[in-house]
Amino acid sequence: MSTTANEHIVRKLLRKPPVFVAVGIIVLTCIVAIFAYLLAPDNTPYANRMIVELGARKPGFTKQLLMVPKQIKQARGSFMSEAISGTPSDYQALPINSYSFSGDRIVVRHYIDEGLDDTIGYQLSQLLPADVLKRSLPDQQEYLRKEQIKTRRFYLGTDRYGRDILSRLLVGSRVSISVGLVAVALSLSIGIILGSLAGYYGGMVDDAVMWVINVLWAIPTLLLVFAITLTIGKGFWEIFVAIGLTMWVSAARLIRGQVLVIREMEYVTAAKALGLDNTRIVFRHILPNIVGPLMVIAAGNFATAILLEAGLSFLGIGVQPPQPSWGLMIKEHYNFLLTNRPLLAIIPGVAIMLLVYAFNVLGNALRDVLDVRQ
């Protein structure tokens, strides 16, 4: 397809307001997924910094935190590894209501709950790095005030364990985008190969492929994913493969039907008469003419994979804690729907809905634009 044709397709797509919005949602989600740890307020691995005293707080909740050094420090990686996997924290966050200095001590009011706190005192030597302890006492106090007492705003609130919902939502977008990419790649690869073989050659090849398709078609998708997951195990990559191996059936069925129609057309007959190789006929002359349906299947499979992953994580056999997943976030907080904290489950649900909507709208638009009959 020429550059001019590609530009024409892009212009036709973006001329439709719903498609423009859908593309914006998809692009924004992909950017967030790539730079999640650089954008997240909590950039620890899996955005898993727990502050149990701040569990289930409303959006916009603000609290001062005293960063208390941990006894055991974790090894730090390169900038690239931290951008991919997060930055281990050497500090424990202690929520406080107020603090005051008394010589070489700091006395804080440890926040426990609304209207409830207690007093804790620390020696500055317990909190400050060794090089800072060599400075004068006023400098030590100023360093502690600036570097280890933070005012933190939780823009979307906190979950039941006191983790930042915004951070986990951003990091969890990686799971949804990744499962869609892997599932679409697997399902289309298998679907194109088997569907093309069945549609082009027919006969016993078609009968064998259709028998496999009909058997798998009779099994509910969720049950089939269960079976594959229990076979290969639960985990990040295992769930992606399990979902991809269950969605090739619809792709193969559609591709077979399209190939059955196109193989009877005159230009395919002419290609056969010229002695062209069957592989070249399929990949150079048949498949390019079913790009529209393939795009629709890809977008539909992407949306379906996101929903399946969310459902599996909700049932506890998908992505495992503490790794964030939008479905897992709903599972952990769905019982809050009946309390005064429904946003804990609604926020990830809205994120899933918007992303699935965007892929469905984009798939339908691509079908219209790439339809060679129009």
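The rules we used
Residues numbered from 1 in each chain as written. Predicted model: local features only at pLDDT ≥ 70, side-chain atom pairs only at ≥ 80, totals over all residues. Heavy atoms only, no water. Helix = DSSP H or I, 4+ residues; strand = E, 2+ residues; numbered from the N terminus. Rg over C-alpha atoms; globule rule 2.2 N^0.38 Å. Contact = heavy atoms within 4.5 Å. Areas by Shrake-Rupley, 256 points an atom, 1.4 Å probe, with all protein chains shown as cover. Lys, Arg positive; Asp, Glu negative; His and termini not counted. Charge placed at Lys NZ, Arg CZ, Asp CG, Glu CD. Core = buried A, V, L, I, M, F, W, Y, C linked by side-chain atoms within 4.5 Å. Buried < 20%, exposed > 50% of the residue type's maximum accessible area, 1.4 Å probe, protein only. Axes fitted to C-alpha atoms, helices over the stretch in contact; angles between N-to-C directions. Left-handed = near helix turned anticlockwise from the far one by under 90°. Nonpolar A, V, L, I, M, F, W, Y, C, P; charged D, E, K, R; others polar. Pairing = 2+ DSSP bridges. Phe/Tyr/Trp six-rings, centres within 6.5 Å; stacked < 30°, edge-to-face > 60°. Lys NZ or Arg CZ within 6 Å of the ring centre and 35° of its normal. Parallel < 35°, antiparallel > 145°, perpendicular 65-115°, else oblique. Salt bridge = Lys/Arg side-chain N within 4 Å of Asp/Glu carboxyl O.

Student: Go over the overall build of the protein chain, please, and point to the residues and values.
Tutor: Summing up its helical and strand segments, the protein chain has 16 helices and five strands in all. The C-alpha atoms of the protein chain give a radius of gyration of 27 Å, which is well past the 21 Å a tight globule of 374 residues would have. Each of the three principal axes of the protein chain carries a C-alpha extent, and together these read 95 × 45 × 40 Å. Of all intrachain contacts in the protein chain linking residues separated by at least 6 positions in sequence, the fraction that spans at least 24 positions is 69%. With the model as given, the accessible surface of the protein chain reaches about 18900 Å², and the carbon-plus-sulfur share is 62%. Across the protein chain, 35 positive and 26 negative side-chain charges occur, with their mean positions spaced 3 Å apart.

Student: Would you mind going over the nonpolar core in detail, with residue names and values included?
Tutor: One finds Leu188, Ile286, Ile306, Trp326, Ile352, Leu355 and Phe359 to be the most contacted residues of the largest nonpolar core, which totals 49 residues. Among the elements that line this core, the one with the most residues is helix 16 (residues 343-370), at 13 residues. Each residue touching isoleucine 286, except ones within four places of it in the same chain, is listed here: Tyr200, Val259, Ile262, Val268 and Ile281. One finds Val175, Val179, Phe240 and Ile317 within the second-largest nonpolar core, a separate group that totals 16 residues.

Student: Can you explain the packing of helix 12 (residues 266-273) against helix 13 (residues 278-286)? Please cite residues and give values.
Tutor: At a minimum axis separation of 11 Å, helix 12 and helix 13 run at an interaxial angle of 150°. Between helix 12 and helix 13 the crossing geometry is right-handed. Touching Tyr267, Val268, Ala271 and Lys272 of helix 12 are Ile281, His285 and Ile286, all from helix 13. Looking at the contact of helix 12 with helix 13, its residues break down into five nonpolar, one polar and one charged.

Student: How would you summarise the pairing of strand 2 (residues 91-102) if you had to cite specific residues and measurements?
Tutor: Sheet topology places strand 1 (residues 61-69) next to strand 2; six bridges connect them, and they run antiparallel. Note on strand 2: the bridge partner recorded for valine 68 is glutamine 92. Across five bridges, strand 2 lies against strand 3 (residues 105-113) in antiparallel orientation. Note on strand 3: the bridge partner recorded for phenylalanine 101 is isoleucine 106.

Student: For unusual backbone geometry, give the residues involved together with the corresponding values.
Tutor: Keep in mind that most residues, glycine aside, have a negative phi and that most peptide bonds are trans. With an omega of 5°, the peptide bond running from proline 321 to proline 322 counts as cis. Following the sequence through the fold, proline 322 ends up in the loop between helix 14 (291-315) and helix 15 (326-333). Its identity is not glycine, yet alanine 56 carries a phi of approximately 60°, on the positive side. Along the chain, alanine 56 turns up in the loop between helix 3 (36-39) and strand 1. What makes alanine 56 buried here is its relative accessible area of 12%.

Student: So what's going on with the sheet that holds strand 2? Residues and values would help.
Tutor: Judged by pairing direction, the sheet is antiparallel, and its five strands sit side by side in the order 4-3-2-1-5 without closing on themselves. Looking at strand neighbours, the two that pair on one side only are strand 4 (116-123) and strand 5 (149-154), the edges of this open sheet. Each adjacent strand pair in this sheet contributes to an overall mean axis angle of 50°, direction not counted. This element, helix 6 (residues 137-147), spans strand 1, strand 2, strand 3 and strand 5 of the sheet and lies at about 10° to strand 5.

Student: Tell me about the packing of aromatic side chains, and please be specific about residues and values.
Tutor: Tallied over the full model, the rule gives five aromatic pairs. With a centroid separation of 5.9 Å and 80° between ring planes, the pair formed by tyrosine 99 and phenylalanine 101 is classed as edge-to-face. Residue classification places phenylalanine 101 among the partly exposed positions, given a relative accessible area of 22%. Above the plane of the ring of phenylalanine 61 lies arginine 57, whose end atom (NZ or CZ) is 5.5 Å from the centre. Stacked on the ring of tryptophan 217, the Lys or Arg arginine 253 has its end atom at 5.0 Å from the ring centre.

Student: So what's going on with the packing of helix 7 (residues 165-201) against helix 14? Residues and values would help.
Tutor: Following both chains from N to C, one finds helix 7 and helix 14 inclined at 135°, their axes separated by 8 Å at the closest point. Classed by the angle they form, the pair helix 7 and helix 14 counts as oblique. Taken as a pair, helix 7 and helix 14 cross one another with a handedness that is right-handed. In this structure, helix 7 uses Val175, Ser176, Ile177, Val179, Gly180, Leu181, Ala183, Val184, Ser187, Leu188 and Ile192 to contact helix 14, whose residues at the interface are Leu294, Ile297, Ala298, Asn301, Phe302, Ala305, Ile306 and Glu309.

Student: Please set out the side chain of arginine 168 residue by residue, giving values where relevant.
Tutor: For arginine 168, the location among the structural elements is in helix 7. Exposure remark for arginine 168: the relative accessible area of 1% places this residue in the buried category. Ignoring anything within four residues of it in the chain, the contact list for arginine 168 reads Tyr46, Ala47, Asn48, Asp159, Arg163, Pro322, Gln323, Pro324 and Met329.

Student: How would you summarise the pairing of strand 4 if you had to cite specific residues and measurements?
Tutor: Relative to strand 4, strand 3 runs antiparallel, the two sharing eight bridges. For valine 108, the partnering residue across the bridge sits in strand 4 and is isoleucine 120. Hairpin connection from strand 3 to strand 4: two residues lie between these consecutive antiparallel strands, with glycine 115 at a positive phi of about 80°.

Student: Describe in detail the pattern of salt bridges, supporting the description with residues and values.
Tutor: The final tally for this structure, using the stated rule, is ten salt bridges. Between aspartate 117 and arginine 109 there is a salt bridge whose closest N-O contact spans 2.8 Å. Among the charged side chains, a network of salt bridges with common partners joins Asp159, Arg163, Arg168 and Glu332.

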